[in-house]
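Overview (structure and organization)
Spelled out, the chains give:
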Amino acid sequence: MGLIGGVLLAALLGLATYVIAGPYLAIHGIRTALAEQDTAKLQKHVDFPAVRVNLRAQVEDYLARKAGPDVSSNLFGAAALSIANQVLGRGVDTLVTPMGIAALLQGRATWKRAVGETVGGDTYAPPVPAEPLKDAEHRYESLSRFTATVHDENGSPVVFVLTRQGLRWRLTDIRLPL
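Residues numbered from 1 in each chain as written. Predicted model: local features only at pLDDT ≥ 70, side-chain atom pairs only at ≥ 80, totals over all residues. Heavy atoms only, no water.

**Digging into the environment of Asp-38**
Inclusion rule: Secondary structure is summarised from DSSP: a helix means a run of H or I of at least four residues, a strand means a run of E of at least two, and numbering begins at the N terminus for each. A simple rule labels every residue: compare its accessible area, found with a 1.4 Å probe on the protein chains alone, to the largest value its type can have, and call it buried under 20%, exposed over 50%, or partly exposed in between.
By the element assignment, Asp-38 lies in the loop between α1 (3-36) and α2 (39-45). Given the relative accessible area of 25%, Asp-38 is considered partly exposed. Separated by 60 residues in sequence, Asp-38 and Pro-98 have C-alpha atoms that sit 9.1 Å apart.

Here it is as C-alpha cells:
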C-alpha cells in the first residue's frame, strides 16, 4: 500500500469514526448548551422546526385519541377538538424555539435558586444544570438514526431521536410517553 493508499485509508477511518461518534458529540453539545444556557449552541445541535412538527403531531394525535370517535363525529365535539389542537399547537410552536427554551431555562434557574438547588448550595451560586440526557440508553437504529432513551419519574420512556444530516447529527424528534 502506497502513501496515497495509507492517507486514503486514514481519512476513511477518521470519517467513519467521526460519523459513529457524531451522536455522542451532539448529545454532549446539547448537555453543554443547556448547562451554559446558550441557545445559540443549542441551535447547532437541535433541528427546532423538525422537533416542533413532530411534537405538534404527537399532541394532536393524543388529543384525538383521548377525545375518541364520539367527540370528533359530532359538530360541537369536532369544533372543540379543533380549538384545543390550535391552542396546544401554538403552545408547542412557542416553546420549541430557541427563545422558548431560553425562557424555560431561565424559569428553571430561578426556581432552582429559590429551592436551594444550586452548585454548592449558595443562593447566589449558579443552579444545578439541567441534564435531560443523563443516564440515557443509547442505540443506533440505522446509519442515520440514533436514539437516546430516558425514563421519566413514572418509568415511562422519553425517546430523543437524533438524525444524521450530512456529517452532522441533530436532535429531530422527542417521542413523549403520551
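**Let's talk about the side chain of Gln-58**
Basically, it comes down to this: The criterion used for residue contact is that any of the two residues' heavy atoms lie within 4.5 Å.
Position of Gln-58 relative to the elements: it lies in helix α3 (residues 48-73). Residues contacting Gln-58, with those up to four places away along its chain left out, are Asp-173, Ile-174, Arg-175, Leu-176 and Leu-178.

**Points about the sheet that holds strand β2 (residues 145-151)**
Put simply, the rule is: By the convention used here, strands pair only if DSSP detects at least 2 bridges between them. Every axis corresponds to a line fitted to the C-alpha atoms, with the helix fit spanning only the stretch in contact, and the corresponding angles, defined between N-to-C directions, vary from 0 to 180 degrees.
A sheet is described by the order of its strands in space; here four strands give the open sequence β1-β2-β3-β4, paired in antiparallel fashion. Each end of this open sheet is capped by a strand with a single partner; those strands are β1 (137-142) and β4 (168-175). Going across the sheet, the axis of each strand differs from the next one's by a mean of 25°, ignoring polarity. As defined by bridge partners, β2 adjoins strand β3 (residues 157-165) across seven bridges and the pair is classed as antiparallel. Across the sheet, Thr-149 pairs through a bridge with Val-159, a residue of β3. Sheet strands in contact with α1 are β1, β2, β3 and β4, and its direction is about 135° off that of β1.

**Here's the deal with the pattern of salt bridges**
When their charged atoms lie close together, side chains carrying opposite charge are able to pair. To keep things clear, this is the line we draw: By definition, a salt bridge exists where a carboxyl oxygen of Asp or Glu is found within 4 Å of a side-chain nitrogen of Lys or Arg.
What the rule picks out here adds up to five salt bridges. A salt bridge links Lys-41 to Glu-36; the shortest N-O distance between them is 2.6 Å. Look at Lys-41 and you get partly exposed, because its relative accessible area is 32%. By relative accessible area, Glu-36 is classed as partly exposed at 46%. The partner of Glu-141 in a salt bridge is Arg-139, and the shortest N-O contact between them spans 3.7 Å. A cluster of three or more residues bridged by salt bridges with shared partners is formed by Arg-139, Glu-141, Arg-145 and Arg-175.

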